Amino acid sequence: MNLYQDIKATAQAYWITLRNMFRKPVTIQYPEQKRVPFERYRARIVLTRDPDGGERCVACYLCSAACPVDCISMQAAEAEDGRRYATWFRINFTRCIFCGMCTEACPTRAIQMTADYEICRRDPLTLVYEKEDLLIDGPGKEPDYNFYRHAGIGVVNPRGQGEEERPPADVRSLLP
Amino acid sequence: MPEWLVTTILILVKLGFVFFLLLTGAAYMVLAERKLLGRMQLRYGPNRVGPFGLLQPLADAVKLVTKEDFIPSQADKFLFFIAPGIAAVTALLTFAVVPFGPPIRLFGREVPLVICDLNIGVLYFLGLSSLAVYGVTLGGWASNSKYALLGSIRALSQLISYELSMGLAIVPVVLMARSFSLTNIVNAQAGLPFAILNPPAFLIFLVSVLAESKRIPFDLPEAENEIVAGFHTEYSGMRFGLFFVGEYINVIILSSMVTVLFLGGWHGPLLPGIVWFFLKVGFISFLFIWTRGTLPRLRYDQLMHFGWKILVPLALVNVIVTGAILLLLNPAKG
């Protein structure tokens, strides 16, 4: 019967709200309780160093190009030994949407995302991070990776003596 | 001390008590509602201001008072100013006839715990609840805003419709108690409350009262997702606060009317009368909040259909049946 169904449904609705009143709220009370983010949570961006302590970033502009909101900017330069670096490197976190495109684009694993989600300030200008704010001491994810050991451009090791490298072929020896 | 001075002081003390109780009651009703709704939705509700959020009403009041008092251009200023007052004052005035406890003895005289025991208390209540419609209607009308006008039109027709079934649900109570005075009605329920003697009237009254309070599921006058905030769309600061306080005082008043008319007022075992009264009022107020947490809003045609085609005929039949039964039970008095 329709009326019976209606009354039953209403009573059930009241019962559910009454029952919920005595259940524990699911709220995480933020400043006191903090949520533990997932392993691959994407939040504040850092610049990592290679295991030898050098900067990983080679200022290739790939992150900046990949960034959908254009929040990364830098200026490239080259050191005496042929090592490329960024003279300045700037991420504007007021714009960053934490999409992770920069980390995907980075060929040297320099730019990485951390789980630190607590970045809110009263003054938005303090959210513009310079290179010294971004650089961390450790290698982050992939702790053993050093780009220059694999690149074969003779910065860490002389040319041809890299880890997966054979000595350069003497072209003349290949002549018939 | 002269007799008249004692009387005046007693009346003033009672007035102050009721005034204080109603206003703090309304303020804490807001907190209780937010807390309970929160718990029903698995949240905590306000818990930052003071221990357990108990100072939240104070913070809300400070915020409301310090807000800008905005008047829309081309609003009817006079009506715009007095409308929230009407809403709050009519709500406050209604409590004058509500007996909230059995008479007590003070200074060797009988003091009834009611500000004014009118012999037409029921009619006074109905009259004031009709007047309260003006606050809402004029507020919406004077705002010079489409949403506010829509809200006030809705409020007008809804309140008039449900006042009818509310009045008709009171008639059996008056028939059974043989009095319009609320004190006499409570005394008539010393044995069994009218909610048990006449459950249809109780249910009709409860639903009509929900509609009278303009709250979910009958909150069409201020349906947020259709007409912004209905009749108080254009109100800000303490003027909005008056509407808000009026609404919650109204909830308390209507709860106490349900208590007085159907739940036997202060009558109850063991505990003193005044405790029973406030327990019952608290329970009905909780029912209001519980309903708000449970039911969705009605559609407008459903509201009108329910009021005019179901509640009013039911109430009319109930009046006739109750009258017939009373006549059969004691034909001498009838």
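The rules behind the values
- Residues numbered from 1 in each chain as written.
- Chains lettered and ligands numbered in written order.
- Predicted model: local features only at pLDDT ≥ 70, side-chain atom pairs only at ≥ 80, totals over all residues.
- Heavy atoms only, no water.
- UniProt positions renumbered as here; feature names shortened; annotations may be inferred.
- Helix = DSSP H or I, 4+ residues; strand = E, 2+ residues; numbered from the N terminus.
- Buried < 20%, exposed > 50% of the residue type's maximum accessible area, 1.4 Å probe, protein only.
- Contact = heavy atoms within 4.5 Å.
- Areas by Shrake-Rupley, 256 points an atom, 1.4 Å probe, with all protein chains shown as cover.
- Lys, Arg positive; Asp, Glu negative; His and termini not counted.
- Charge placed at Lys NZ, Arg CZ, Asp CG, Glu CD.
- Phe/Tyr/Trp six-rings, centres within 6.5 Å; stacked < 30°, edge-to-face > 60°.
- Polar contact = N/O pair within 3.5 Å; in protein donor to acceptor, adjacent residues only side chain to side chain.
- Pairing = 2+ DSSP bridges.
- Expected span 1.5 Å × (residues − 1).
- Bend = angle between axes of the 7 residues up to and from the residue.
- Axes fitted to C-alpha atoms, helices over the stretch in contact; angles between N-to-C directions.
- Parallel < 35°, antiparallel > 145°, perpendicular 65-115°, else oblique.
- Left-handed = near helix turned anticlockwise from the far one by under 90°.
- Nonpolar A, V, L, I, M, F, W, Y, C, P; charged D, E, K, R; others polar.
- pLDDT = per-residue confidence, 0-100.

- As annotated in an unreviewed UniProt entry, chain B carries the name NADH-quinone oxidoreductase subunit H and is attributed to Geothermobacter hydrogeniphilus.
- UniProt, in the comment section headed Catalytic activity (unreviewed entry), describes chain B in these words: "a quinone + NADH + 5 H(+)(in) = a quinol + NAD(+) + 4 H(+)(out)".
- Recorded under Subunit (unreviewed entry), the UniProt text for chain B is reproduced unchanged: "NDH-1 is composed of 14 different subunits. Subunits NuoA, H, J, K, L, M, N constitute the membrane sector of the complex."

- Labelled according to an unreviewed UniProt entry, chain A appears under the name NADH-quinone oxidoreductase subunit I, originating from Geothermobacter hydrogeniphilus.
- UniProt, in the comment section headed Subcellular location (unreviewed entry), describes chain A in these words: "Cell membrane".

As for the overall build of chain B
Thinking step 1. A tally of regular secondary structure across chain B gives 12 helices and 2 strands.
Thinking step 2. Each helix and strand of chain B, placed in order from N terminus to C terminus, yields the pattern α-α-α-β-β-α-α-α-α-α-α-α-α-α.
Thinking step 3. Oriented by its inertia axes, the alpha-carbon framework of chain B measures out at about 65 × 55 × 45 Å.
Thinking step 4. The 334 residues of chain B split such that 49% are buried.
Thinking step 5. Put simply, of all contacts in chain B between residues at least 6 apart along the chain, 77% involve residues at least 24 apart.
Thinking step 6. Surface accessibility of chain B: about 15600 Å² in total, with carbon and sulfur atoms responsible for 73%.
Thinking step 7. With 23 positive and 17 negative side-chain charges, chain B shows a spacing of 6 Å between the two charge centroids.

Quick word on the UniProt feature "binding site: [4Fe-4S] cluster 2" (unreviewed entry) in chain A
All names here are of chain A.
Thinking step 1. Mapped onto this structure's residue numbering, the UniProt feature "binding site: [4Fe-4S] cluster 2" (unreviewed entry) falls at C67, C96, C99 and C102. Separation in sequence by 36 residues is not matched in space for these annotated residues, since their most distant C-alpha atoms are only 10.5 Å apart.
Thinking step 2. Tracing the chain through its elements places C96 in the loop between β3 (84-92) and α3 (101-105).
Thinking step 3. Overall, the relative accessible area of 12% leaves C96 in the buried class.

Quick notes on the packing of aromatic side chains
Thinking step 1. Counted by the stated rule, this structure contains 15 aromatic pairs over all chains.
Thinking step 2. For the pair F93 of chain A and F98 of chain A, a centre-to-centre distance of 6.2 Å together with 20° between the ring planes defines the contact as stacked.
Thinking step 3. Seen from their ring centres, F202 of chain B and F262 of chain B are 5.7 Å apart, and the 55° between their planes marks the pair as tilted. Taken together, the residues F202 of chain B in helix α8 (residues 199-212) and F262 of chain B in helix α10 (residues 237-262) connect sequence positions 60 residues apart.

As for the side chain of T48 of chain A
Residue and element names in this part refer to chain A.
Thinking step 1. Mapped onto the secondary structure, T48 falls in the loop between β1 (45-47) and α2 (62-66).
Thinking step 2. A residue is classified by how much of its surface remains accessible, and T48, at 0% relative accessible area, is buried.
Thinking step 3. Separated by 3.0 Å, the side chain of T48 and the backbone oxygen of R109 make a polar contact.
Thinking step 4. The contact partners of T48, leaving out residues within four places of it in the chain, are E55, R56, R109, A110, Q112, L135, I136, G138, P139 and G140.

Focus on unusual backbone geometry
Glycine aside, the phi torsion of most residues is negative, and most peptide linkages are trans.
Thinking step 1. Across the junction of I216 of chain B and P217 of chain B, the peptide omega takes the value 5°, indicating a cis bond.
Thinking step 2. Here P217 of chain B is to be found in the loop between α8 and α9 (224-227).
Thinking step 3. If you check the backbone angles, D70 of chain A has positive phi at about 55° while not being a glycine.
Thinking step 4. One can find D70 of chain A in the loop between α2 and β2 (72-78).
Thinking step 5. Phi at K214 of chain B is positive, roughly 55°, even though this residue is not glycine.

Considerations on the sheet that holds β2 of chain A
Residue and element names in this part refer to chain A.
Thinking step 1. Strand order in the open sheet formed by 3 strands is β2-β3-β5, and the pairing between neighbours is antiparallel. What marks the edges here is a single partner per strand, and that holds for β2 and β5 (128-129).
Thinking step 2. Inspection of the sheet shows β3 paired to β5 by 2 bridges, in the antiparallel sense. For I91, the partnering residue across the bridge sits in β5 and is Y129.

Quick look at helix α12 (residues 300-329) of chain B
Residue and element names in this part refer to chain B.
Thinking step 1. Taking 1.5 Å of rise per residue, the 30 residues of α12 would be expected to cover 44 Å, and the 42 Å separating its terminal C-alpha atoms lies within 8% of that figure.
Thinking step 2. Of all the bends found along α12, the most pronounced is centred on F306 and spans about 30°.
Thinking step 3. Listing the buried residues of α12 in full gives L303, M304, G307, L311, V312, A315, N318, V319 and T322.
Thinking step 4. The inward-facing, buried residues of α12 contact α5 (146-177) and α8.

What about the packing of helix α1 (residues 3-40) of chain B against helix α11 (residues 273-294) of chain B?
All names here are of chain B.
Thinking step 1. Running from N to C, α1 and α11 cross one another at 45°; their axes reach a closest spacing of 10 Å. With respect to each other, α1 and α11 are oriented oblique. In the crossing of α1 with α11, the sense of the turn from one axis to the other is right-handed. Counted together, L21, M29, A32, E33, L36, L37 and M40 of α1 and F278, S285, F286, I289, W290, R292 and G293 of α11 form the full contact between these two elements.
Thinking step 2. Class assignment of the residues belonging to the contact of α1 with α11 gives a composition of 10 nonpolar, 2 polar and 2 charged.

As for the confidence of the model for chain A
Thinking step 1. Per-residue pLDDT for chain A has a mean of 87; in total, 99% of the residues score no lower than 70.
Thinking step 2. Within chain A, helix α5 (residues 147-151) of chain A has the poorest average pLDDT of any element, 80, and α2 of chain A the best, 92.

Digging into the UniProt feature "transmembrane region" (unreviewed entry) in chain B
Residues and elements named next belong to chain B.
Thinking step 1. According to UniProt, the feature "transmembrane region" (unreviewed entry) maps to residues 6-31, 78-98, 118-138, 159-180, 192-211, 240-264, 270-290 and 310-329 in the numbering used here.
Thinking step 2. Secondary structure across residues 159-180 comprises 86% helix and 0% strand; the distance between its end C-alpha atoms is 22 Å.
Thinking step 3. Its end C-alpha atoms 28 Å apart, residues 310-329 is made of 100% helix and 0% strand.

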